[in-house]
Amino acid sequence: SSKPRGPAFPSKFSAGGSQFKFGVLAKIVRHMKDRHMEGMDHPLSLEEILDETNQLDVSTATRLWLSSEALVSNPKIEVTPEMTYLFKPPYKIMNRKELLKLLKRKDLKGEGGVMYDDIMES
């Protein structure tokens, strides 16, 4: 008759593991960007990030994936030698003078414009 089915609302521990893992990663990257935008530029350990994003319940396997693959290869995350993490803005711009310098350099090299969102993240 009918095939056995999984739970109507699969938990985060069910077979859809990669979708859950990427959800955890997306939440981390969003949080790190928000911290950066608020001027918080000190790096955090994975444990601190998971605590601040209310994700301390993630499995050891997911933590290992985050620390050995996902965070280290993510272009928006910078890993320090101490294995702590920071948001990595597209450009390191601290003030108006640095922005003008960046724009002049790109113009001289004929590289074209700079995306508004990249400036806002920087």
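Quick look at the structure, then. Keep in mind that what you see is a predicted model, and the values were worked out from it rather than measured. For every chain, the first residue of the written sequence is number 1, and numbering continues from 1 onward in sequence order. In keeping with the predicted nature of the model, local features appear solely for residues at pLDDT of at least 70, side-chain atom pairs appear and are counted solely at 80 or more, and the whole-chain, interface and lining totals rest on all residues. Here the side-chain values reflect all heavy atoms present in the structure, with hydrogen atoms and water set aside.

With that settled, the discussion passes to the overall build of the chain. Only DSSP runs of H or I with at least four residues qualify as helices, and only runs of E with at least two residues qualify as strands; both kinds are numbered from the N terminus onward. When helices and strands are counted, the chain shows 5 helices and 2 strands. Of the regular secondary structure in the chain, the N- to C-terminal order runs α-α-α-β-β-α-α. With 122 residues in all, the chain has 27% of them scored as buried. Long-range pairs, those at least 24 residues apart, make up 52% of the contacts in the chain between residues at least 6 apart in sequence. Accessible area for the chain stands at about 8800 Å²; split by element, carbon and sulfur atoms hold 56% of it. Exposure categories follow from relative accessible area, calculated using a 1.4 Å probe and restricted to protein chains: below 20% of the type maximum is buried, above 50% is exposed, and the middle band is partly exposed. Working rule for contacts: check all heavy atoms of both residues, and any pair within 4.5 Å makes them a contact. Where accessible areas are quoted, they stem from the Shrake-Rupley method and a 1.4 Å probe; at the residue level, only the protein chains shown are allowed to cover.

What follows covers the packing of aromatic side chains. Two aromatic rings, drawn from Phe, Tyr or Trp (for Trp, its six-membered ring), form a pair once their centres lie within 6.5 Å of each other, and the interplanar angle then sorts them: stacked below 30 degrees, edge-to-face above 60, tilted otherwise. A full pass over the atoms with the stated rule returns 1 aromatic pair. Arranged with centres 5.1 Å apart and planes meeting at 80 degrees, the rings of Phe 22 and Trp 65 form a pair that is edge-to-face. Separated by 43 residues along the polypeptide, Phe 22 in helix α1 (residues 17-37) and Trp 65 in helix α3 (residues 60-70) bring together distant segments of the chain.

Turning next to unusual backbone geometry. The phi torsion at Asn 54 lies on the positive side, around 55 degrees, for a residue other than glycine. Residue placement: Asn 54 occurs in the loop between α2 (46-52) and α3.

No statement about biological role is implied by the geometric values presented.
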